[in-house]
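# An overview of the molecular structure
Residues per chain are reported as follows:
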Amino acid sequence: MSENLRYWLWMQSALGEGAHIKNILEEFGSAKALYNANILEWKMSPALTPKQINRLSQTDINIADEMIYTCESNGWSIIDYEDQRYPERLRNIYNPPCVLYVDGIMPDIDRLAVIGIVGTRKASTYAVKVAHIMSRGVTECGALVVSGGALGVDTAAHKGALSAGGKTVAVLGCGLGASYLNENKSLRDVIKNNGALVTEYPPFTRASRTTFPMRNRLISGLSVGVLVVEAGVKSGSLITANYALEQGRDVYAVPASVLSVDFAGTNKLIDDGAIVATKPAQIVSAYAEKFDTLDISKARNMDELIQAESDKNANIEKDNSKLSFEALEENRAKRLENEKRALKLSGDAERVYQCLNDCFLHIDAIIEKTGLPGAKVTASLTQLEVMGLAESASGKRYKLS
């Protein structure tokens, strides 16, 4: 924690997330100097607008003390713009945040080849598996995967990094402690113990339609390259890709089915010049000479990675015919149909359903997560299988259908 943290928190509280602070810092030198300047100096500065001056004058610095106390009480850290832990890579973007709130331990971003992996929340089976395999592959080589902690591609990317024994960072579109996407809470708990949850939003700030596009610039800002896996032509993932281009980052895209018009964003990126990515080595090899933390000799080809994902302990199905482009729309339609069916669940069945995901879970883990007796869990799983919402595998393992 730097000695000027209070002033950075005051500045961010006054100007808001995503504010363009570089001109202000060039004019005044620091957040503390801005605070100590009088209102006449503010008005004479070309770096401040009348609206910003009004907000600065109305913001009490004591709000900073409240935020510091809240974070200390919850074991969260705050990294301000002057802190040595603040990534230089992020400091150099057009509109860096004044502060970052962190749950976990922020990796040494500037020493690492950070790969942002993003894509649609309503991902096809193909996209989920590609994101997982790509993430696992680049992590095995020593890269750090950053994503947004959302469903679909984001979740697969984080899990892929964790399955390789690596760390990962989730950049949130809400404040720490906010009630958001409770079905992914267990994943966020794992991430903060094996990396970090990061956000520029104050504690308990709720997610909204405006917070996610703003946070996307941080995903690309932390990264040296951004991989887009299945995205719509107007998706948030393309916003991240555009930020990446503005920030001078490399943009990679996994080819999508030309038949999937609603999710043709990745193909459009390729048409516009994005680098085609069909295996992890294509991504990490571009940074091998720059980062001594990378070991390209550990890069495996796709056949090896698919086989590793398909062994008896993996959560990926062995039937690779289901990865074909022709099956994408069918898989997506079934997933949406299942989501509608799930809305009718209640009681024990709903409780069991909520703890399932795309990875196989042993029944003992389900019993532990739900807190229900084994008999009730078994009955609920049978009900879910009959409804087509869950499927089983050998060894008493279950996952969403």
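The following refers to the structure shown. (Residues numbered from 1 in each chain as written. Predicted model: local features only at pLDDT ≥ 70, side-chain atom pairs only at ≥ 80, totals over all residues. Heavy atoms only, no water.)

## So, the sheet that holds strand S10 (residues 361–362)
Read across the open sheet, the three strands follow the order S10-S12-S11; overall the sheet is antiparallel. Two strands lie at the open edges of the sheet, namely S10 and strand S11 (390–393), each paired on one side alone. Pairing analysis gives four bridges linking S11 to strand S12 (residues 397–400), with the strands arranged antiparallel. Within S12, the residue paired with alanine 393 across the bridge is arginine 397. (Pairing = 2+ DSSP bridges. Helix = DSSP H or I, 4+ residues; strand = E, 2+ residues; numbered from the N terminus.)

## Overview of the side chain of threonine 59
Tracing the chain through its elements places threonine 59 in the loop between helix H5 (50–58) and helix H6 (62–74). Judged by its relative accessible area of 19%, threonine 59 falls in the buried class. Here the side chain of threonine 59 touches arginine 55 through a polar contact of 2.7 Å, landing on its backbone oxygen. With residues near it in sequence (within four places) discarded, threonine 59 still touches Trp10, Ser13 and Ala14. (Buried < 20%, exposed > 50% of the residue type's maximum accessible area, 1.4 Å probe, protein only. Polar contact = N/O pair within 3.5 Å; in protein donor to acceptor, adjacent residues only side chain to side chain. Contact = heavy atoms within 4.5 Å.)

## Details of a nonpolar patch on the surface
On the surface, a nonpolar cluster with roughly 330 Å² of combined accessible area is contributed by Ile39, Leu40 and Met44. Summarising the element assignment, methionine 44 is placed in helix H4 (residues 39–44). According to the relative accessible area criterion, methionine 44 is exposed, its value standing at 64%. (Patch = residues over 30% accessible without salt bridge, like charges linked within 9 Å, V, L, I, M, F, W, Y side chains within 5 Å. Areas by Shrake-Rupley, 256 points an atom, 1.4 Å probe, with all protein chains shown as cover. Salt bridge = Lys/Arg side-chain N within 4 Å of Asp/Glu carboxyl O.)

## Overview of the pattern of salt bridges
Following the criterion strictly, the structure yields eleven salt bridges and no others. Put simply, arginine 85 and aspartate 83 hold a salt bridge, and the shortest N to O gap is 2.9 Å. A relative accessible area of 39% means that arginine 85 is categorised as partly exposed. Overlapping salt bridges bring together Asp103, Lys185, Asp189 and Lys192 as one network.

## Brief notes about unusual backbone geometry
With a phi close to 45°, leucine 181 is a non-glycine residue in the positive phi region. Among the residues examined, leucine 181 registers a relative accessible area of 16% and is labelled buried. The phi dihedral of phenylalanine 204 falls on the positive side, at around 70°, and the residue is not glycine. Mapped onto the fold, phenylalanine 204 is located in the loop between strand S6 (195–199) and helix H11 (211–222).

## Overview of the nonpolar core
Core analysis: the largest hydrophobic core is formed by 74 residues, its most contacted members being Leu9, Met11, Leu34 and Trp42. No other element matches helix H1 (residues 5–15), which puts eight residues into this core. Those residues in contact with leucine 34 that sit more than four places away from it in its chain are Trp10, Met11, Ile24, Phe28, Trp42, Leu48 and Leu56. Grouped together as the second largest cluster of nonpolar side chains are 29 residues, Ala143, Val145, Ile283 and Leu294 included. (Core = buried A, V, L, I, M, F, W, Y, C linked by side-chain atoms within 4.5 Å.)

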